[in-house]
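Coordinate inspection notes
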Amino acid sequence: MRHITEISSKVEPVTFVEDELELSFRYWYGEHYGRFYAELRDNRRILGMRCEKCGSVLLPPRPYCGFCHAPLRTWVELSDKGAVDTFSIVHTPNAKELIETPYACAMIKLDGCDVPLYHLLGEVEFKDILTGMRVTAVWEEVRKGALRDIRYFRPSEQRSIRSD
Amino acid sequence: MENVAVVGWAQSDHRDTSTLDTRHSLVYKVITEALASAGLSIQDIDIVFSTGSDVVDGGCISGCDMVGALGGHFREESRIAGDGLHAAMLAQMRISSGFYNTALIVAYSKNSENMSGRKGRKMSDPFFHRPLGIDELVVGAMQERAYLHRYKIAPEEVAGVAVRNRKLGAGNPHARLRDPVTLKDVLSSPEIMSPIREMEASPYSDGACAVILAEDRSAKSMGRKLAWISGSAGITASFQPGSDVITHASSAGKATRLAFAAAGIEDPSRELDIIEAGYQYAYQELMLYEAAGLCGPGEGPAFLRAVEDGSAGIEANPSGGSLCDDPRLATGLIRLAEAAAQVTGRADERQVPGARKALALVATGMGIQCTGCIVVER
Ligand SMILES: [Zn+2]
């Protein structure tokens, strides 16, 4: 066998191979999400669950309490109004159903609920968004059983125009 | 229970792309260097732990394909999902059991090879978060805004975290970003997700780290300074925090309390010499100081100024931390390697004189809801 003691620098190395993996999924909603999304679609209602052990009101509905791990059995209807906990302006799209950028998203504490709902903000200038601002859901007329059945949350009251 | 020491370590020079290295050769190189640093050969290793990501690698159970490079054939080998620092804790527990003498922990990621956009989206819940594009960057941005709002912290304080780490990273030959930046540079870098700016986000990098642990007798027989593990803990908090808790890194709070209790540390700000913290966004460093009890809630910026002027009596991220390079999943294990190097006086140009006790910590996930930490001491 002939030993090769040096690799010729004249050889241009092959550098990379391109590849693509197709990954597609169909995730089953199951009982809890199934009911949650059906209520959004059919009745414009946001359903959460109340933990009988620790008293927390939770979103999204799941069979267990995220705080104390007790089983959840009690459904509650949540308000479609709440307050902005915190927010961001998104410049680079990341959702599959592309949302036109830039857009504002927020953690919204719905009245009576202990965990925030992540959703979009609309009908508001970015510079006017404030932590603690009251917001109301704007529902789509045609609903499909998806989070975007709520188009976005808009400020509950129009901010008065400043007169300097 | 056996005492466990960190006896060897090595890390790659982290890059945005490591053009000619496969992940296998990247890993093989750091393992070879780590074994040499401990004066061991692969035959001396009882168990191998690895961490990597199937999503980043683009392969199902991609760890299988790595076993050869890891030296994992025909010995105890397992892979965990998460940062290598969490694997190091598992290795520590196994050795503590008395059934194993040595462990090799390897973490790697080659983010440059995965061309399919933001990886965080693939981590989020397809039922409730993904439809709105919610990922760790979005949650991080909202967390930063809530934190700044609650404690009236100025954006300059957060930018200052990036300036400080980049200055320290300039002295770290392994760091990817080695050019110092000014406050103006950071504050004029693009807002990638308001209020997070580009220079305040850890740069996804390619890189690997290997660490070797050994039990008491094997470690002592090596005849060198050793970094003993005196405490460790890993905690995951809720994935869906509200603003009342999102302004506090509760997983880091509990993990550090447990690790300090194990290590007999009562006042971490007085007893620790070094904290090496891995995270994704600059504001998180401030929150992590608060959670670790180094200062009170909202006092992160003041604490950082005290670190800067020396009055805190503790050095933070002498390596430059994860704002200079973030080979995701290896980032925390690198913090352990850096901490071990510091307390054994082997940290070269970034050595902090007289360092005896260090905390290595990594906080990951949406709103840093997952934390692992290890205390090492001379
Ligand atoms: Zn409960």
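Everything below is about the structure printed above this text.
The shown structure was predicted, so the numbers you read here are calculated from the model rather than taken from an experiment.

Let us look at the overall build of chain A. When helices and strands are counted, chain A shows 1 helix and 8 strands. Its helices and strands taken in sequence order, chain A reads α-β-β-β-β-β-β-β-β from the N to the C terminus. Its C-alpha radius of gyration of 24 Å places chain A more than 25% over the 15 Å reference for a compact globule of 164 residues. Once the C-alpha set of chain A is aligned to its principal axes, its extents read approximately 80 × 55 × 35 Å. Every one of the 164 residues in chain A was classed for burial, and the buried ones make up 42%.

Looking now at the coordination of the zinc ion. All names here are of chain A. Within the first shell, the zinc ion binds the protein through Cys-51 (SG), Cys-54 (SG), Cys-65 (SG) and Cys-68 (SG), at distances of 2.3 to 2.4 Å. Note that the zinc ion binds 4 donor atoms; their angles at the metal cover 101 to 118°, and the shape is tetrahedral. When the donor residues of the zinc ion are listed from N- to C-terminus, their spacing reads C-x2-C-x10-C-x2-C. With a gap of 11 residues between them, Cys-54 in the loop between β1 (46-50) and β2 (57-58) and Cys-65 in the loop between β2 and β3 (74-78) connect regions that are remote in the sequence.

Moving on, we come to the interface of chain B and chain A. Note: interface size is frequently given as the accessible area lost on complex formation between the parts. With 33 residues of chain B at the interface, the matching set in chain A holds 38 residues. Across the chain B to chain A interface the summed buried area is about 3000 Å²; carbon plus sulfur atoms make up 61%. For chain B, the biggest contributors to the area lost against chain A are Phe-127, Phe-128 and Leu-132 of chain B; these three give 26% of the whole. Our enumeration of links across chain B and chain A arrives at 1 salt bridge. Between Asp-125 of chain B and Arg-62 of chain A there is a salt bridge, with its nearest N and O atoms 3.5 Å apart. Our count for the contact surface shared by chain B and chain A stands at 9 residue pairs in polar contact (both at pLDDT 80 or more). Listing elements by their share of the side of chain B that touches chain A, those giving two or more residues are α5 (136-151), β5 (191-193) and α9 (243-246) of chain B. At 7 residues, the largest contribution of residues to the side of chain B that touches chain A is made by α5 of chain B. Of the residues that constitute the side of chain B that touches chain A, the class distribution is 17 nonpolar, 8 polar and 8 charged.

All names here are of chain B. The contact between helix α12 (residues 282-291) and helix α13 (residues 300-308) brings their axes to 8 Å, and the two run at 90°. What the angle tells us is that α12 and α13 run roughly perpendicular. Residues Glu-285, Leu-286, Tyr-289 and Glu-290 of α12 form the contact with α13, whose participating residues are Gly-300, Pro-301, Phe-303 and Leu-304. A class-by-class count of the residues in the contact of α12 with α13 yields 5 nonpolar, 1 polar and 2 charged.

As a further point, take the packing of aromatic side chains. Per the stated rule, a full pass over the model turns up 12 aromatic pairs over all chains. Taking the centre distance of 6.1 Å and the plane angle of 70° together, the rings of Tyr-27 of chain A and Phe-127 of chain B count as edge-to-face. Placement of the pair is Tyr-27 of chain A in the segment before α1 (30-43) and Phe-127 of chain B in the loop between β4 (102-110) and α5, with the two residues belonging to separate chains. Take Tyr-27 of chain A: its relative accessible area is 37%, and that puts it in the partly exposed class. For the ring pair Tyr-33 of chain A and Phe-128 of chain B, a centre distance of 6.4 Å and an interplane angle of 45° mean the geometry is tilted. Taken together, the positions of Tyr-33 of chain A in helix α1 and Phe-128 of chain B in the loop between β4 and α5 put the pair across two chains. Taking the relative accessible area as the measure of exposure, Phe-128 of chain B reaches 1% and is therefore buried. Ring pairs connect the aromatic residues Phe-25, Tyr-27, Tyr-29, Tyr-33, Phe-36 and Tyr-37 of chain A together with Phe-127 and Phe-128 of chain B, which therefore count as one cluster.

A few words now on the nonpolar core. Within the largest apolar cluster, 100 residues are counted, with the highest numbers of intra-cluster contacts made by Ile-46, Leu-59, Leu-110, Leu-121 and Phe-153 of chain A together with Leu-288 of chain B. It is α5 of chain B that contributes the most residues to this core, 8 residues altogether. If we skip the residues at most four places from it in the chain, Leu-288 of chain B touches Ala-249, Ala-252, Ala-277, Gly-278, Tyr-279, Leu-361, Ala-363 and Ile-368 of chain B. Residues Val-6, Ile-80, Ala-103 and Ala-339 of chain B belong to the second largest nonpolar core, which totals 39 residues.

All names here are of chain A. On the surface, a cluster of negative charge is contributed by Glu-18, Asp-19, Glu-20 and Glu-22. Position of Glu-18 relative to the elements: it lies in the segment before α1. For Glu-18, a relative accessible area of 68% gives the class exposed.

The next point concerns the sheet that holds β3 of chain A. All names here are of chain A. Across the sheet, which stays open at both edges, the 3 strands sit in the order β2-β1-β3 with antiparallel pairing between neighbours. If you trace the sheet from one side to the other, it starts and ends with β2 and β3, each paired once. Two strands pair when backbone bridges link them, and β1 and β2 are joined in this way by 2 bridges, in the antiparallel orientation. Looking at the pairing, Met-49 lines up with Leu-58 of β2. Its contacts with the sheet put α1 on β1 and β3, and the angle it makes with β1 is roughly 145°.

The next subject is empty space enclosed by the protein. All names here are of chain A. Taken as a whole and judged by the stated rule, the model has 1 cavity of 30 Å³ or more. One number sums up the size of the largest cavity: a volume of about 30 Å³. Counting only elements with at least two residues in the lining of the largest cavity, the list comes to α1 and β6 (117-121). For the lining of the largest cavity, a count of residues per class yields 6 nonpolar, 1 polar and no charged.

Reading the values: the criteria
Residues numbered from 1 in each chain as written. Chains lettered and ligands numbered in written order. Predicted model: local features only at pLDDT ≥ 70, side-chain atom pairs only at ≥ 80, totals over all residues. Heavy atoms only, no water. Helix = DSSP H or I, 4+ residues; strand = E, 2+ residues; numbered from the N terminus. Rg over C-alpha atoms; globule rule 2.2 N^0.38 Å. Buried < 20%, exposed > 50% of the residue type's maximum accessible area, 1.4 Å probe, protein only. Donors = N, O, S within 2.8 Å, 3.2 Å for Na, K, Ca; no water. Tetrahedral: all angles 85-135°; square planar, octahedral: opposite > 155°, others 65-115°. Contact = heavy atoms within 4.5 Å. Buried area = accessible area lost by both parts, 1.4 Å probe. Salt bridge = Lys/Arg side-chain N within 4 Å of Asp/Glu carboxyl O. Polar contact = N/O pair within 3.5 Å; in protein donor to acceptor, adjacent residues only side chain to side chain. Nonpolar A, V, L, I, M, F, W, Y, C, P; charged D, E, K, R; others polar. Axes fitted to C-alpha atoms, helices over the stretch in contact; angles between N-to-C directions. Parallel < 35°, antiparallel > 145°, perpendicular 65-115°, else oblique. Phe/Tyr/Trp six-rings, centres within 6.5 Å; stacked < 30°, edge-to-face > 60°. Core = buried A, V, L, I, M, F, W, Y, C linked by side-chain atoms within 4.5 Å. Patch = residues over 30% accessible without salt bridge, like charges linked within 9 Å, V, L, I, M, F, W, Y side chains within 5 Å. Areas by Shrake-Rupley, 256 points an atom, 1.4 Å probe, with all protein chains shown as cover. Lys, Arg positive; Asp, Glu negative; His and termini not counted. Charge placed at Lys NZ, Arg CZ, Asp CG, Glu CD. Pairing = 2+ DSSP bridges. 1 Å grid on protein atoms, 1.4 Å probe; cavity = no way out; pocket = protein on both sides within 12 Å on 5 of 7 lines; lining within 4 Å. Points joined across faces, edges and corners; volume = space filled by probe spheres on them.

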